[in-house]
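As a plain string of letters, each chain reads:
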Amino acid sequence: MSPYLVFVSNVTVLLAFCYVIIKKAVGGSRNKLPPSPPSIPLLGHLHLLGRLPHRSLRDLQARYGTDGGLLFLQLGRRRTVVVSTAAAAADLYKNHDLAFASRVPSATVHKLSLGSNNVSFAPYGDAWRRSKKLAVVHLLSPRRADSFGPVRAAEAAALVAGVRRAAEAGEAVELRELLYGYSNAVVTRAATGTAGATAEEMKQLMVNSTALMSGLQLEDVLPDAAAKVVRWATGLEKRLDRQVEAWDKFLSEMIAEHLEKNCGGVAGDEDFLDVLLRLREEGNTGLELTDDRIKSIVQDMIFAGTETSSVTLEWAMAELIRNPGAMAKLWDEVARVSNGKPTIEEDDLSRMEYLKAVLKETLRLHPPAPLLVPHESTTAAVVQGYEIPAKTALFINAWAIGRDPTTWGDAAEEFRPERFLGDGSVTGIDLRGNEYQLLPFGAGRRVCPAVNFVLPMLEISLASLDKKTDVKKAASTMRSGLGYT
Ligand code: HEM
């Protein structure tokens, strides 16, 4: 063979070899990520999210996903994995919980949460672990939750009185406002002992902060430095600074009042702020409880607890009003267990099985955080056979998982508390993240630490809004209606 032919054939073999290697590498790396819809430059898949992202994500999963239950999205700058089935959630929580235990960083949230020195937004690490332990052991333990029984009873009575007043006068009632007022009062009284005008001030701070934190954040699409310039140029940075100052002033006054009040020791039950100040004195949490950290933790509890609880109550009432059969069963149970007593007592709640099923069913269909709070991975992980790189955001679509017909059957979209009762199809499923089919509080390391605290708070208010309260009469004249989205 001529040297020329040898050269040409060698080059051809070499090129073919390179082609195969490159194709394999490119194709292979694409194959290693979960399936993904077509994207557009800069936004990636952001434009596909819509007004109710949990709904859009379920539709995207149905259209582009596979049985693995994972979808890969490029949301602006953020690589994101969405989990939409109980099986994928089980794999993730059982095998990769640690890898995904951090939070997606956000400059706005960091600022408004007073430096993320708290439980909800702290990145995974020693400080978060110690803060979480502190919350679980000292703030939200079953014993501490019990100690707030009188607060729940008083606020449930105020809620009932508000509804009755409206029903008797035949007036329109903003049930949403009353339920928010109830949740806000219980959570702020537990956190700081505060009610009345001060709780109102706190409510205003929360409303303003939520408006600044919700929706698309600049850093989602722009590099950090550019996002900072835009925040400064648009006045957003100033608005954030003002909001942080207002929180800081408010919480500093709160600490000063508590220190003054507690100088001879706390009389009666402690609120969260009392507990944190006492733990600082005792000095054995392994965490430096500076004023700033205490402020951030107290603010975190109020933020995490208020809206979630009031939205749950609102959905429960909405479902009961549009399902009169369920409402009647609940009222029968309340009447039977309370046996003619004028008010419901917390001891009665343990005998109200239908009430508990109503709450489970409400949280199944309407988890107040439908995508939980986004996590972020700190290391690469192989989930359901796909390679997920480090620094990938994770959305668990608890809303879609709660409505998946493979778990919940053909009537998955219907409100049927009976499914959790007797020989119902899913009797044994609980709310604590042990069953990956029902995840309103999340699961694993980042699970909500407040289940003990919040369930009696939700139960006592729902049981108290019984037949005698005339909630139906009041609700039938509701001005704004309940959220049916
Ligand atoms: C119906 C009421 C509530 C629901 C449905 C709920 C749900 C959740 C969810 C989904 C998460 C995120 C889980 C995750 O990241 O995977 C969470 C976290 C958290 N919740 Fe709740 N929550 C409720 C009430 C409360 C209350 C009343 C408090 C405090 C008083 C609270 C404190 C927290 C905290 C501190 C975290 C952060 C946990 C962490 O990052 O490790 N929650 N909650």
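Thresholds applied
- Residues numbered from 1 in each chain as written.
- Predicted model: local features only at pLDDT ≥ 70, side-chain atom pairs only at ≥ 80, totals over all residues.
- Helix = DSSP H or I, 4+ residues; strand = E, 2+ residues; numbered from the N terminus.
- Buried ≥ 20, exposed ≤ 12 C-beta atoms within 10 Å, placed from the backbone.
- Contact = placed C-beta atoms within 7 Å.
- Pairing = 2+ DSSP bridges.
- Axes fitted to C-alpha atoms, helices over the stretch in contact; angles between N-to-C directions.
- Parallel < 35°, antiparallel > 145°, perpendicular 65-115°, else oblique.
- Left-handed = near helix turned anticlockwise from the far one by under 90°.
- Nonpolar A, V, L, I, M, F, W, Y, C, P; charged D, E, K, R; others polar.
- Expected span 1.5 Å × (residues − 1).
- Near = placed C-beta within 6 Å.
- Core = buried A, V, L, I, M, F, W, Y, C linked by C-beta atoms within 7 Å.

Named according to an unreviewed UniProt entry, the protein is Cytochrome P450 originating from Lolium multiflorum.

Novice: Looking at this model, I keep getting lost on the overall build of the protein. Mind explaining?
Specialist: A tally of regular secondary structure across the protein gives 21 helices and seven strands. The proportion of buried residues among the 485 residues of the protein is 40%. The contacts of the protein with a sequence gap of at least 6 include a subset with a gap of at least 24, amounting to 72%.

Novice: I'm lost on the pairing of strand E2 (residues 78-83) in this one. Help?
Specialist: Working note: regular strand, side chains alternate between the two faces of the sheet. As paired elements, strand E1 (residues 70-75) and E2 share six bridges and run antiparallel to each other. Considered in E2, the bridge of leucine 70 is made with valine 83. Linking E1 to E2, which pair antiparallel, is a turn of two residues; within it glycine 76 sits at a positive phi near 60°. Where E2 and strand E7 (residues 393-396) come together, four bridges link them in parallel fashion. Bridge pairing links threonine 80 to alanine 393 in E7.

Novice: Help me understand the packing of helix H17 (residues 353-365) against helix H20 (residues 451-464), please; the structure alone is not making it clear to me.
Specialist: Helix packing geometry: the angle between the two helix axes and the distance between the axes. Running from amino to carboxyl end, H17 crosses H20 at an angle of 115°, the nearest separation of the two axes being 10 Å. On the basis of the axis angle, H17 is roughly perpendicular to H20. Here H17 runs over H20; the crossing is right-handed. Across the interface between the two elements, Leu355, Val358 and Leu359 from H17 touch Leu458, Glu459, Leu462 and Ala463 from H20. Of the residues in the contact of H17 with H20, the class split is six nonpolar, no polar and one charged.

Novice: Looking at this structure, how should I read helix H8 (residues 175-192)?
Specialist: Think of an α-helix as 3.6 residues a turn; residues three or four steps apart then line up on the same face. Relative to the 26 Å expected for 18 residues at 1.5 Å per residue, H8 spans 25 Å between its end C-alpha atoms, a close match to the ideal helical length. Here H8 lies mainly inside the structure; 16 of its 18 residues are buried. Two residues or fewer after H8 comes glycine 193, characterised by a positive phi angle close to 75°.

Novice: Sorry if this is basic, but what is going on with the site of the ligand here?
Specialist: The immediate surroundings of the ligand are formed by 26 residues, with Ala304, Gly305, Gly442, Cys448 and Ala450 found nearest. Broken down by secondary-structure element, the contributors of at least two residues to the shell around the ligand are helix H5 (126-139), helix H14 (291-322) and H20. No other element matches H14, which puts seven residues into the shell around the ligand. Residues belonging to the shell around the ligand are distributed by class as follows: 17 nonpolar, six polar and three charged.

Novice: Which parts of the structure should I look at to understand the nonpolar core?
Specialist: Inside soluble globular proteins, nonpolar side chains tend to come together where they are buried. Val298 and Val358 are the most contacted members of the largest nonpolar core, which has 78 residues in total. Of the residues forming this core, the biggest block, 14 residues, is contributed by H14. Contacts of valine 298, omitting those with residues within four sequence positions, involve Ala191, Thr192, Leu251, Phe272 and Leu273. Counting residues in each nonpolar core, the second largest holds 37 residues, with Leu70, Phe395, Ile401 and Ala443 among its members.

Novice: What exactly am I supposed to notice about the environment of serine 252 here?
Specialist: Checked against the element boundaries, serine 252 lands in helix H12 (residues 236-261). Residue classification places serine 252 among the partly exposed residues on the basis of 13 C-beta atoms within 10 Å.

Novice: Sorry if this is basic, but what is going on with the sheet that holds E2 here?
Specialist: Across a sheet, strands are paired by hydrogen bonds formed along the backbone, either parallel or antiparallel in direction. Taken in spatial order, the five strands of this open sheet run E1-E2-E7-E4-E3, and their pairing is mixed. At either margin of the open sheet sits one strand with a lone partner, and together these are E1 and strand E3 (102-103). Pairing analysis gives two bridges linking strand E4 (residues 375-376) to E7, with the strands arranged antiparallel. Looking at the pairing, histidine 375 lines up with leucine 394 of E7. Docked against the sheet, helix H2 (residues 53-64) engages E1, E2 and E7, running at close to 120° with respect to E1.

Novice: Mind showing me how you'd approach unusual backbone geometry here?
Specialist: The phi angle of most residues is negative, glycine excepted, and most peptide bonds adopt the trans form. Phi angles above zero are rare outside glycine, and leucine 42 is one such case at about 70°. Relative to the helices and strands, leucine 42 is located in the loop between helix H1 (3-32) and H2. Here asparagine 339, not a glycine, exhibits a phi torsion of approximately 50°, which is positive. Within the element layout of this structure, asparagine 339 appears in the loop between helix H15 (324-338) and helix H16 (346-349). Judged by local crowding, asparagine 339 falls into the exposed class, with 7 C-beta atoms found within 10 Å.

Novice: Hey, could you run me through the packing of H8 against H14 in this one?
Specialist: Axis separation between H8 and H14 bottoms out at 8 Å; the angle between their running directions is 150°. Taken as axis vectors, H8 and H14 run roughly antiparallel relative to one another. The two elements H8 and H14 meet at a crossing, and its hand is right-handed. Here Leu175, Arg176, Leu179, Tyr180, Ser183, Asn184, Val187, Thr188, Ala191 and Thr192 of H8 come into contact with H14, specifically with Val298, Met301, Ile302, Gly305, Thr306, Ser309, Ser310, Leu313, Glu314 and Met317. Among the residues forming the contact of H8 with H14, the class breakdown is ten nonpolar, eight polar and two charged.

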